[in-house]
Amino acid sequence: MVVIASVLSIPPTILVMNRWLSNFSYKIDIEWWAFALAFLIAALVVILTVLYHSYRASRINPTEALRYE
């Protein structure tokens, strides 16, 4: 899902950022590594979140989980 979100969000982001940055007197170009870095950070957050919740779920005693249901 992170890959799909990144693929769908990069073209509009480039378009909007280029239009916005063209209004400034000191124009800069958007480098490709900024998008790659954003993708890597998002993927890392997703992986760490899934790992944390998987580990926490695996540590719960099944009898205690069933007791509350």
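## A closer look at the pattern of salt bridges
As enumerated under the stated definition, the model contains 1 salt bridge in all. Between K27 and D29 there is a salt bridge whose closest N-O contact spans 3.5 Å. Take D29: its relative accessible area is 59%, and that puts it in the exposed class.

## Looking at a nonpolar patch on the surface
A contiguous nonpolar surface patch, about 590 Å² in accessible area, is contributed by W32, W33, L37, I41 and V45. Its location among the elements puts W33 in helix 2 (residues 32-59). Looking at W33, the relative accessible area reads 48%, which means it is partly exposed.

Parameters and conventions
Residues numbered from 1 in each chain as written. Predicted model: local features only at pLDDT ≥ 70, side-chain atom pairs only at ≥ 80, totals over all residues. Heavy atoms only, no water. Salt bridge = Lys/Arg side-chain N within 4 Å of Asp/Glu carboxyl O. Buried < 20%, exposed > 50% of the residue type's maximum accessible area, 1.4 Å probe, protein only. Patch = residues over 30% accessible without salt bridge, like charges linked within 9 Å, V, L, I, M, F, W, Y side chains within 5 Å. Areas by Shrake-Rupley, 256 points an atom, 1.4 Å probe, with all protein chains shown as cover. Helix = DSSP H or I, 4+ residues; strand = E, 2+ residues; numbered from the N terminus.

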